[in-house]
Amino acid sequence: MGAGKTTVGRALAKRLNRRFIDSDHEIEVRTGSSIPLIFEIEGELSFRRREAEVIADLTSLDGVVLATGGGAVLDAANRNYLKSRGTVIYLRASVSSILHRTSHDKTRPLLQTSDPRKKIEELFRQREPYYCEIADIIIETGRPNVHAMVQSILDELEKSAISLQPTQSSLHSLLKTRNYDNMNHMQQSKVIQLNVELGDRRYPISIGHSLLSNSKLFVPHIAGNRAVIVTNTIVAPLYLDQLKQTISSLGKEVVSVVLPDGEEEKNWHSLMQIFDVLLSEKCDRKTTLIALGGGVIGDMTGFAAASYMRGIPFIQVPTTLLSQVDSSVGGKTGINHPLGKNMIGAFYQPQAVIADTETLQTLPVRELSAGLAEVIKHGAIIDAAFFNWIELNIDKLLIKNPAALAYAIQRSCEIKADVVRQDEREGGLRAILNFGHTFGHAIEAGMGYGNWLHGEAVGCGMVMAAELSYRMGFIDFVTKTRIATLVAAAGLPTRAPDLGRERWLELMQVDKKNEGGQIKFILLKPLGSTLITTVPEDLLIETIRSSLL
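Bear in mind that the values here come from a model prediction, so they are computed numbers and not experimental data.

Draft legend 1. Expanded view of the nonpolar core. Ranked by size, the top nonpolar core spans 81 residues in total, and within it Phe439, Trp504, Met508 and Leu540 carry the most contacts. Discounting residues that sit within four places of it in the chain, Leu540 has contacts with Phe439, Leu468, Leu505, Met508, Ile519, Phe521 and Val535.

Draft legend 2. Representation of the environment of Ile354 within the structure. Examined against the element boundaries, Ile354 turns out to sit in strand β13 (residues 352–356). Looking at Ile354, the relative accessible area reads 1%, which means it is buried. For Ile354 and Met464, which are 110 residues apart along the polypeptide, the C-alpha to C-alpha distance reads 33 Å. Once you skip the residues sitting within four places of it in the chain, Ile354 turns out to touch Ser206, Leu211, Leu217, Phe218, Ile315, Gln316, Val317 and Pro318.

Draft legend 3. The arrangement of the sheet that holds β13 in detail. An order of β5-β6-β13-β10-β9-β7-β8 is seen for the 7 strands of this open sheet, with the pairing classed as mixed. The open sheet is flanked by β5 (191–196) and β8 (253–259), the only strands paired with a single partner. Going across the sheet, the axis of each strand differs from the next one's by a mean of 15°, ignoring polarity. Its contacts with the sheet place helix α14 (residues 295–307) against β7 (226–232), β8, β9 (288–293) and β10 (314–318), and it is angled at close to 170° to β9. Here helix α18 (residues 402–422) sits on the sheet and contacts β5 and β6 (203–208); the angle it forms with β5, its principal contact strand, is near 15°.

Draft legend 4. Structural detail: the side chain of Ser369. Within the secondary structure layout, Ser369 lies in helix α16 (residues 365–381). At a separation of 2.7 Å, a polar atom in the side chain of Ser369 contacts the main-chain carbonyl oxygen of Ala490. Contacts of Ser369, omitting those with residues within four sequence positions, involve Leu398, Ala490, Gly491 and Leu492.

Draft legend 5. Structural context of the pairing of strand β15 (residues 530–533). In this structure, strand β14 (residues 521–524) lies alongside β15, joined through 4 bridges in antiparallel fashion. Note on β15: the bridge partner recorded for Leu523 is Leu531. Two successive antiparallel strands, β14 and β15, enclose a turn made up of 5 residues, where Gly528 displays a positive phi of approximately 90°.

Calculation rules
- Residues numbered from 1 in each chain as written.
- Predicted model: local features only at pLDDT ≥ 70, side-chain atom pairs only at ≥ 80, totals over all residues.
- Heavy atoms only, no water.
- Core = buried A, V, L, I, M, F, W, Y, C linked by side-chain atoms within 4.5 Å.
- Buried < 20%, exposed > 50% of the residue type's maximum accessible area, 1.4 Å probe, protein only.
- Contact = heavy atoms within 4.5 Å.
- Helix = DSSP H or I, 4+ residues; strand = E, 2+ residues; numbered from the N terminus.
- Pairing = 2+ DSSP bridges.
- Axes fitted to C-alpha atoms, helices over the stretch in contact; angles between N-to-C directions.
- Polar contact = N/O pair within 3.5 Å; in protein donor to acceptor, adjacent residues only side chain to side chain.

That's the geometry; what it means functionally is another story.
Structure below.
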């Protein structure tokens, strides 16, 4: 303590163009409490457990400069993580120097004694062997200023031939290491390409800026001479003419269908309007349908494509964050019924998904937040490191930072594409993508489609599912709180409407995962992993009751 880890670490991160993280600050952010308060209320042992969880998470990140608490080395697992996952720099300070720097600091719980020097000497004797054991570089802190210390560290890194570059194993790692503000221009000119691997039905996902005008992306996927664009009254004035022009430039005849906007319009009547145009225009089996819009348009267009002449090709062009990170990928199509959401439909894969991130700049704040629910979901169920990234970058996502959005979309699509590859028709694994949806769909149906956005209901549903996971003993209080805190930070509701006990149970029983009348839930065990299970009714009722507005 008092060796200057935070000050030096922040300066070093700036020189290396990396992100700086302080583990003590991360603990305070996650708990909403100061370190002294945690010590006072929970004791040092509880603090060390929290510290170990944080260090396990943070050392999994690439391209960061991490300042740990002085006592982190006392835990063997921490020492192993620090040594095996990074380059350890020990800033060595004398007892007198530490005493001088900390003598007026009332925020250090371990020094609130009648004899601080004696305590520092005791801690130094206890910790020094561990510091030396794991350190790759030892820097004496007697140098004249911070700049000189940082330069000494850089010199030692160079002398030791320790790489200053992040691992290049995946774009997932690379994107976490760079300054997002410096990446904006790069992301605007780059097209990220992924694939959904389904054998001979394999199809690409393209993510990038200004893709609606990129005719090369559409050429391979429109085999016939005609295309029908399905959109809604909100999206049409913004992007329909642009997409029409792109498709027409390929020598294709283009027709459009403009439907009313809203989840409540995802019904049989709207589906019939698509069929009316296809039939009146005498469209044949080589006609390509193009879904230009959010999840509602994508689901209905896909269902129309699956049904018309028993199947015609279609392309997903999602324009909302929710559709770009989730509903456009995987081939789930359908409409709602008054008694249940998405209960009528088909599994039918698109020819391609073309996600233009520029369309997100016109997205209302409420719709953006709704999309973030699905981003958070992907981290919670499969990738705890991605969940950590979302926590650290939620502010950038909310202001529509192009690079942060591009990475969130890319990682979400990677996760969903891999799940779909393993379980296309939701025979087992794919059901985990419904984390929060059993509660969420009940909210949507109970409140009337359109009153809550799908993402809002899923966000609240995830908080309820985390609460139920906690009551079942699958996750701890900290994990439950982190999920609720992140959902709230994304601008999503965390308290559920009071539908009444019987109505809640009735609505949740109309769920595609249920078997033999038993309600099945996707729960966390732990963060980044899931299980599908039934739960005792008393715990379910307690969860609902504790979650109400």
